[in-house]
Amino acid sequence: MNHPASSSVPCPECGKPLPIATAGQPRPVCPACLLAQALVSGTAFDPAATPSSATANPPPPPPTPEQIADKFPQFEILACLGRGGMGVVYKARQKSLNRLVALKILAPERERDARFAERFAREAELLAKLSHPHIVTIHDFGETAGLFYIVMEFVDGVNLRDLIREGKLEARQALAIVPPICEALQYAHEKGVVHRDIKPENLLLDREGRVKIADFGIAALVGTGDGAGERAGTPPYMAPEQGDARREVDHRADIYALGVVLYEMLTGERPAKDLVAPSRKVQIDVRLDEIVLRALEKSPSLRYQTAGEFRTQVEATLTAPPVNPPDRADRAPSSAAASRTPPPPAPALIKSTAARVAWAAPATAAGTRAESAPLITPSVGSVVLHTYGLIVRSGAETREVPLAALTACGEALPPAWASPARHRYVGVEFTDPATGQRQRLVFQPGTPLFILPGTTAPRAAEWLAALRAAHQAATGRELPVWPAPWVFPLRGAPRLLPFILFATLSCLLVLLLFTHGTLGLAEIALLVFLNPLTFALACVGGLLAFRARCLRHRSPEAPLPPDGRELPNVRSKVAAPAFAMAVVGGMDLLGAVIGLLAFGLMAFGLIPPIPGGVGTEGLSDVPLLVSLPTRVMTAAIFGWMLLWMGTCVFVLVSALRMQRLRSRGGAIASAVILMVQGSVGFAFANGPTPWVTVGWSVIELGAGIWALVVLLRRDVRGAFKKAPQVPGA
Amino acid sequence: MPTHFATTQWTLIHEAARGGDTAAVAALGALFETYWPPLYRYVRRQGHSAADTEDLVQGFFAHLLRLDGLRLADPDRGRFRAFLLGSLKHYLANQWHREHRLKRGGHDLVLSLDWQNAETGLGLDPADSASGPDALFDREWALALLEKVLADLAASEGDLDFARWKPFLSVGSERLPYAAIAAEFHLTEGAARVAVHRLRKRYRQRLRDEIARTLADPRLVEEELRSLFTALSE
């Protein structure tokens with residue numbers, strides 16, 4: 001017997017003296033800790049054994065092994081393993097083969113249901129065909145004395161629920177469980193079987209630590225098939241579509257449920273209604289957020305589309321080095337020492353924005369012009385400020401700059417010729433941790449098409465303040481600020497060049513038309529050849545940029561942070577009107593280009609002028625005063641056509657940006673332009689084919705109204721505000 | 001198991017005592033065999049000699065077995081532990097008047113109690129003597145309970161193996177050196193985790209079953225577990 005004979009040896013757990021070791025007990029055990037361990041996870045322990053006072057009507061106890069023994073003479077019923085929503089499970093020995101099996105008796109209340117019997121037979125047959133190392137094998141099924149039963153492989157082990165109850169799992173262990181489950185799910189999904197009730201209770205680990213999924217398809221089997229029962233599942237693990245009778249439930253419901261399980265393994269809690277990224281709850285690799293949140297998307301189309309895809313992502317995270325602040329990544333949370341020390345604060349997001357980003361060559365001296373340095377071209381990306389550093393994405397490249405590596409910061413300014421409005425950028429100087437070289441980063445928060453002068457300075461100041469505060473909090477040192485704005489060698493985007501050329505040529509043409517009153521060879525060359533060429537170049541440049549952007553957004557590296565989770569939903573709402581507007585804008589543009597060409601060709605005399613048209617006769621011989629109205633008319637019409645072309649481009653670009661939830665103002669303006677164009681066209685339809693004009697006007701009007709209605713919705717307005725702050729969205 | 005709900009041993013005794021059931025006598029005897037050492041030491045601490053204490057505890061037990069004591073009004077009779085201590089105090093207070101009427105050893109049910117063993121615990125807790133005798137009683141009660149649970153567990157697990165696994169029962173799961181366990185028992189880490197978990201699960205179940213045996217209402221298990229833990233950690 002061991003009585004509280006205290007020794008001088010303290011208990012490693014609580015520090016109190018341990019009982020003296022006796023001969024029979026080589027290792028004394030601290031009694032207080034023994035009880036404490038029963039307490040720790042005891043609250044949720046076997047609710048059947050300790051029914052809480054809240055359960056007023058405890059379910060009737062399952063039949064004891066003795067009670068069912070005579071119904072199953074071929075088995076020796078050994079023990080009742082437990083009961084779930086789907087039935088009662090017994091551990092049994094199959095006498096003929098002398099093997100242990102799990103005997104599941106389904107829904108005892110269905111004893112006399114003929115339709116159930118028929119469905120049971122059909123489904124069970126399908127399930128019995130599933131043969132996979134990570135799926136609990138079904139040996140047999142049938143009905144005896146009105147009881148439907150399934151004979152399954154007996155898995156000698158524990159279920160995942162028991163492991164989670166002991167506290168959250170280490171991220172590595174939690175992740176290791178996921179790939180085999182995905183593999184099994186993929187296998188079953190390919191055979192057309194959906195589990196519908198993935199939850200920790202159904203994920204078993206045997207004595208060798210292998211994972212097996214139990215109860216495949218049982219949820220569907222037990223459901224009635226006519227409404228509510230069909231949705232059978234376990235509410236916290238049910239995908240949103242499982243709760244909605246009108247929506248189709250497919251294999252992606254299993255992916256959602258597995259997402260809930262993963263979330264629970266990582267954090268020890270189930271996801272709340274307002275989903276919080278796991279990394280905000282516990283210290284884990286932030287990339288896991290993306291995996292978990294993607295699986296937990298409310299809309300099935302946004303989740304992983306296959307279990308295989310889920311698996312690939314998880315495995316990539318398992319093999320890749322962790323994306324964590326370097327001083328924290330190497331702390332193994334499993335070691336006893338680490339769990340004693342208070343955990344460092346979890347990395348938290350401070351500020352994020354879409355931005356034009358550029359990496360500058362090592363700067364010469366702070367605050368001076370760096371004329372000799374090579375020109376830099378900003379590209380569209382994002383900047384995210386975390387409590388431990390900056391994550392900067394520019395193009396396809398993503399870099400991390402730890403706060404500790406920052407050496408200075410301040411305003412940055414492009415040279416006056418590149419930015420006459422003197423737009424401010426945020427400049428940061430840091431020592432590259434990889435190369436040890438000093439480098440600079442400049443970025444401009446937001447990626448609007450046009451920025452009013454004076455609006456960039458306050459935003460830059462805001463970012464600089466946040467950056468300095470974060471740096472102070474992380475390192476305790478103050479981050480020095482450059483005394484004067486750093487004039488960095490910005491190179492205007494080369495894609496802008498054709499646009500500028502086009503606009504210049506167009507202005508020149510209007511001027512020439514006015515002064516000459518007619519078109520000479522030079523003007524015609526400009527109009528018919530050069531101007532369309534620059535225009536085509538501009539269009540190609542724009543299309544290339546758009547394509548690059550689309551590709552980037554499709555790349556899996558672009559993370560979708562929790563704040564942006566509703567954005568894809570809004571984006572899907574906006575997509576159709578934006579597309580309509582883009583099509584209409586594009587057609588208008590095409591019309592404008594053809595019109596301009598026709599104007600040039602008419603002037604050249606290659607095609608006959610429209611009767612009553614203007615500006616086609618030589619006016620050089622006519623006195624200026626007499627010819628003035630014609631000159632003004634000609635220039636105005638040409639100018640108007642150019643302007644129209646401009647608005648068409650504006651509508652097109654706005655529509656494309658609207659699809660990405662950018663520039664709501666531009667999109668509204670475009671919608672209004674389309675409506676005005678439509679109304680004008682409708683009112684003044686004439687010419688050889690008035691019905692074509694009327695039809696097109698109606699389409700323009702409709703597209704404009706549709707886009708406007710969608711843009712005025714409250715949720716869409718909110719999404720437009722939020723989208724620029726969400727990188728990658 | 002849900003069957004506890006209506007029939008904990010202590011409830012059984014309660015119910016049966018009204019009719020003077022022999023089943024109650026047997027059930028009480030079973031409980032008493034486990035939990036008499038704390039009583040013995042409690043009486044010893046009151047200043048009685050070893051011989052007197054033996055007599056007193058036997059007498060108290062005889063008194064209980066006659067089921068007279070069970071009919072005593074007790075505000076806290078939901079717990080066997082509290083009931084036993086309350087009754088014992090009551091019994092000790094009255095023993096002056098009863099002593100001469102007691103027939104020592106005159107009852108027919110003799111329990112095999114190892115008096116010598118209960119005696120050994122007495123001198124060994126000088127540091128604790130500052131806390132009151134009631135607290136010491138609770139503490140010893142908890143130890144007796146744990147001892148029973150571990151002994152039962154050892155018997156069902158196989159003694160030799162259990163002695164090696166036992167230390168892991170008192171360590172928090174997140175601090176368990178699974179890798180070391182795996183190496184020691186030639187298992188994979190996953191298997192070690194499962195094995196430890198299962199052992200802990202059985203331990204908890206036994207502990208709870210044992211505690212439930214001493215309660216009128218199994219819903220109080222959690223509460224009783226907490227108070228026993230408090231008694232041990234003081």
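As the structure is a prediction and not an experimental result, all values here were calculated from the model.

Q: Honestly, the overall build of chain B in this entry has me stumped. Any pointers?
A: Of regular secondary structure, chain B possesses ten helices and zero strands. In sequence order, chain B lays out its α and β elements as α-α-α-α-α-α-α-α-α-α. Counting every position in chain B, which comprises 234 residues, the buried fraction comes to 52%. Across chain B, every contact between residues at least 6 apart in sequence was considered, and the portion connecting residues at least 24 apart equals 69%. Of the roughly 10500 Å² that chain B leaves accessible, carbon and sulfur atoms contribute 55%.

Q: Just checking my understanding: could you explain the overall build of chain A for this structure?
A: In terms of regular secondary structure, chain A is built from 20 helices and 18 strands. Burial statistics for chain A: of 729 residues in total, 45% are counted as buried. For chain A, the accessible area works out to roughly 34600 Å², and carbon and sulfur atoms hold 63% of it.

Q: Would you mind showing me how to read the environment of A:Pro402 here?
A: One can find A:Pro402 in strand S14 (residues 397–402). The sequence separation of A:Pro402 and A:His471 amounts to 69 residues, and the corresponding C-alpha distance is 9.3 Å.

Q: In this structure, what is going on with the pattern of salt bridges? I would like to understand it.
A: Any two side chains of opposite charge can pair, given that their charged atoms come close. Residue and element names in this part refer to chain A. Counted under the stated rule, the structure contains 28 salt bridges over all chains. With a shortest N-O distance of 2.9 Å, Glu-76 and Arg-93 are connected by a salt bridge. Of this pair, Glu-76 sits in strand S3 (residues 75–84) while Arg-93 sits in strand S4 (residues 87–94), placing them 17 residues apart in sequence. On the basis of relative accessibility, which here comes to 33%, the residue Glu-76 falls in the partly exposed class.

Q: Help me understand the sheet that holds strand S10 (residues 211–213) of chain A, please; the structure alone is not making it clear to me.
A: Residues and elements named next belong to chain A. Strand order in this open sheet of three strands is S8-S9-S10, and the pairing throughout is antiparallel. Among the strands making up the open sheet, the edge pair consists of strand S8 (157–159) and S10. Strand after strand, the sheet turns through a mean of 30 degrees between neighbouring axes, direction not considered. Across three bridges, S8 lies against strand S9 (residues 203–206) in antiparallel orientation.

Q: I tried to follow the pairing of strand S13 (residues 389–394) of chain A on my own but got confused; where do I start?
A: If a strand is regular, its side chains alternate between the two faces of the sheet. Residues and elements named next belong to chain A. With six of its six residues buried, S13 lies for the most part within the structure. Going residue by residue along S13, you find Gly-389, Ile-391 and Arg-393 tucked away on one face and Leu-390, Val-392 and Ser-394 tucked away on the opposite face as well. Both strand S12 (residues 379–386) and S13 contribute to a ladder of five bridges, which runs antiparallel. Looking at the pairing, Val-384 lines up with Ile-391 of S13.

Q: When you look at the side chain of B:Thr53 in this model, what are you seeing that I'm missing?
A: Residue and element names in this part refer to chain B. With respect to the helices and strands, the residue Thr-53 is situated in helix H3 (residues 50–65). Thr-53 sits in the buried class, given a relative accessible area of 0%. Residue contacts for Thr-53: discarding those within four places in its chain leaves Tyr-40, Val-43, Arg-44 and His-48.

Q: Would you mind showing me how to read the confidence of the model for chain B here?
A: Any residue range with low pLDDT should be treated as having predicted coordinates unsuitable for detailed reading. All names here are of chain B. Looking at chain B, the pLDDT average stands at 71 and 67% of residues meet or exceed 70. Of all helices and strands in chain B, the one with the weakest mean pLDDT is helix H5 (residues 115–120) (58), whereas helix H6 (residues 133–157) scores best (83). Every residue in residues 1–6 is under pLDDT 50, and counting partners more than four places away or in other chains gives nine contacts. In the model, residues 123–130 has pLDDT below 50 throughout and makes nine contacts with residues more than four positions away in sequence or in other chains.

Q: Which parts of the structure should I look at to understand the packing of helix H9 (residues 287–295) of chain A against helix H10 (residues 307–319) of chain A?
A: Geometrically, a packed helix pair is captured by the angle between its two axes and the distance between the axes. All names here are of chain A. H10 packs onto H9 with a crossing angle of 170 degrees between their chain directions and a minimal axis gap of 10 Å. Here H10 runs roughly antiparallel to H9, going by the angle between their axes. Crossing hand, H9 versus H10: left-handed. Within the contact between the two elements, H9 uses Arg-287, Leu-288, Ile-291, Arg-294 and Ala-295 and H10 uses Glu-309, Phe-310, Gln-313, Val-314 and Thr-317. Partitioned by chemical class, the residues of the contact of H9 with H10 number five nonpolar, two polar and three charged.

Q: Could you clarify how one ought to interpret unusual backbone geometry in this entry?
A: Backbone phi values are negative for most residues with the exception of glycine, while trans is the configuration of most peptide bonds. Unlike most non-glycine residues, A:Asn98 shows phi in positive territory, near 50 degrees. Along the chain, A:Asn98 falls in the loop between S4 and strand S5 (99–106).

Q: Is there a simple way to think about the side chain of B:Glu224 in this case?
A: Residue and element names in this part refer to chain B. In this structure, Glu-224 sits in helix H10 (residues 221–233). Using a relative accessible area of 0% as the deciding quantity, one classes Glu-224 as buried. Beyond its immediate sequence surroundings of up to four residues, Glu-224 is in contact with Arg-79, Arg-81, Ile-211 and Leu-215.

Q: Looking at this structure, how should I read the pairing of S12(A)?
A: By the criterion of burial, S12(A) is predominantly enclosed, with seven of the eight residues buried. Hairpin geometry of S12(A) and S13(A) is characterised by an intervening segment of two residues between the two adjacent antiparallel strands.

Q: Would you take a moment to explain a nonpolar patch on the surface for this structure?
A: Residues and elements named next belong to chain A. A cluster of nonpolar side chains, contributed by Phe-579, Val-583, Met-587, Leu-590 and Ile-594, occupies part of the molecular surface with about 510 Å² of accessible area. Tracing the backbone through its elements, the reader meets Val-583 in helix H16 (residues 567–604). For Val-583, a relative accessible area of 38% puts it in the partly exposed group.

Q: Quick question: what am I supposed to make of helix H19 (residues 690–711) of chain A here?
A: Given 3.6 residues to a turn, an α-helix orients residues that are three or four positions apart in the same direction. For H19(A), spanning 22 residues, the distance from its first C-alpha to its last is 31 Å, which sits close to the expected 32 Å at 1.5 Å a residue. Within the sequence span of H19(A), burial applies to A:Val694, A:Ser697, A:Glu700, A:Ala703, A:Gly704, A:Ala707, A:Leu708, A:Val710 and A:Leu711.

Q: What's the story with helix H7 (residues 252–267) of chain A in this structure? I'm lost.
A: Residue and element names in this part refer to chain A. Taking 1.5 Å of rise per residue, the 16 residues of H7 would be expected to cover 22 Å, and the 23 Å separating its terminal C-alpha atoms lies within 8% of that figure. The element H7 is largely enclosed, with a buried count of 16 among its 16 residues. Just downstream of H7, Gly-268 is the residue with a positive phi angle, here 80 degrees.

Q: Just to check I follow, could you spell out the nonpolar core for this structure?
A: Soluble globular proteins tend to pack their nonpolar side chains together in the buried interior. Judged by nonpolar contacts, the single largest core of 68 residues is most densely connected at A:Leu160, A:Leu262, A:Met265 and A:Phe310. The greatest single-element share of this core, amounting to eleven residues, is contributed by H7(A). B:Tyr42, B:Phe137, B:Leu169 and B:Ala182 belong to the second largest nonpolar core, which has 65 residues in total.

Q: Help me out: how do you make sense of the packing of helix H5 (residues 171–190) of chain A against H10(A) in this one?
A: Residue and element names in this part refer to chain A. Between H5 and H10, the shortest axis-to-axis distance is 8 Å and the interhelical angle comes to 155 degrees. When the interaxial angle is binned, H5 and H10 end up roughly antiparallel. Crossing geometry of H5 relative to H10 is assigned as left-handed. On H10, the residues that touch Arg-172, Leu-175, Ala-176, Val-178, Pro-179, Cys-182, Glu-183, Leu-185, Gln-186 and His-189 of H5 are Ala-307, Gly-308, Phe-310, Arg-311, Val-314, Glu-315, Thr-317 and Leu-318. The class makeup of the residues in the contact of H5 with H10 is ten nonpolar, four polar and four charged.

Q: Just checking my understanding: could you explain the packing of aromatic side chains for this structure?
A: We describe a pair of aromatic rings using the distance from one ring centre to the other and the angle between the two ring planes. Residue and element names in this part refer to chain A. Applying the stated criterion across every chain, the model contains 13 aromatic pairs over all chains. Their ring planes at 90 degrees and their centres at 5.0 Å tell us that Phe-72 and Tyr-149 sit as a pair that is edge-to-face. Residue Phe-72 is located in the loop between helix H2 (65–69) and S3, and its partner Tyr-149 is located in strand S7 (residues 147–153); the two are separated by 77 residues in the primary sequence. Assigned by exposure class, Phe-72 and Tyr-149 land together as buried. On the numbers, 5.9 Å between centres and 75 degrees between planes, the contact of Trp-359 with Phe-430 is edge-to-face. Here Trp-359 is found in strand S11 (residues 349–360), whereas its partner Phe-430 is found in strand S16 (residues 425–431), with 71 residues between them in sequence. Here the aromatic cluster, defined as three or more aromatic residues joined through ring pairs, consists of Tyr-425, Trp-482, Trp-486 and Phe-488.

Cut-offs applied
Residue indices follow the written sequence of each chain, beginning from 1 at its first position. Both sets of labels track the order of writing: A upward for chains, 1 upward for ligands. Reporting of local features is limited, given that this is a predicted model, to residues whose pLDDT is at least 70; pairs of side-chain atoms are given and counted only at 80 or more, and all residues count toward the totals for whole chains, interfaces and linings. As a convention, hydrogens and water are excluded, and side-chain values are obtained from all of the structure's heavy atoms. To qualify as a helix, a DSSP run of H or I must reach at least 4 residues; to qualify as a strand, a run of E must reach at least 2; elements of each kind are numbered from the N terminus. Each residue is assigned to one of three classes by its accessible area relative to the maximum for its type, calculated with a 1.4 Å probe on protein chains only: buried under 20%, partly exposed between the two thresholds, exposed over 50%. Only heavy atoms matter for contacts: two residues are in contact if any of them lie within 4.5 Å across the pair. The accessible surface values rely on the Shrake-Rupley method and a 1.4 Å probe; as for residues, cover is taken only from the protein chains in view. The term salt bridge refers to a pairing of a side-chain nitrogen on Lys or Arg with a carboxyl oxygen on Asp or Glu at a separation within 4 Å. A pair of strands is considered paired only if DSSP assigns at least 2 bridges between the two. Lines are fitted to the C-alpha atoms to define the axes, a helix being fitted only along its stretch in contact, and any angle between axes, read from their N-to-C directions, falls within 0 to 180 degrees. Per-residue confidence from the predictor is given as pLDDT, running between 0 and 100. The cut-offs work like this: below 35 degrees is roughly parallel, past 145 is roughly antiparallel, 65 to 115 is roughly perpendicular, and the gaps in between are oblique. In a left-handed crossing the near helix is turned counterclockwise from the far helix by less than a right angle, and in a right-handed crossing that turn is clockwise. Gly counts as polar in this scheme, as do all residues outside two lists: the nonpolar Ala, Val, Leu, Ile, Met, Phe, Trp, Tyr, Cys and Pro, and the charged Asp, Glu, Lys and Arg. What goes into a patch is any residue over 30% in relative accessible area without a salt bridge, connected to like charges within 9 Å or, for nonpolar side chains (Val, Leu, Ile, Met, Phe, Trp, Tyr), within 5 Å. Multiplying one less than the number of residues by 1.5 Å gives the expected span of a helix. By convention a nonpolar core is built from buried Ala, Val, Leu, Ile, Met, Phe, Trp, Tyr and Cys residues, the set being connected through side-chain atoms within 4.5 Å. Any Phe, Tyr or Trp ring, taking Trp's six-membered ring, that has another such ring centre within 6.5 Å forms a pair; planes under 30 degrees apart are called stacked, those over 60 apart edge-to-face, and the others tilted.

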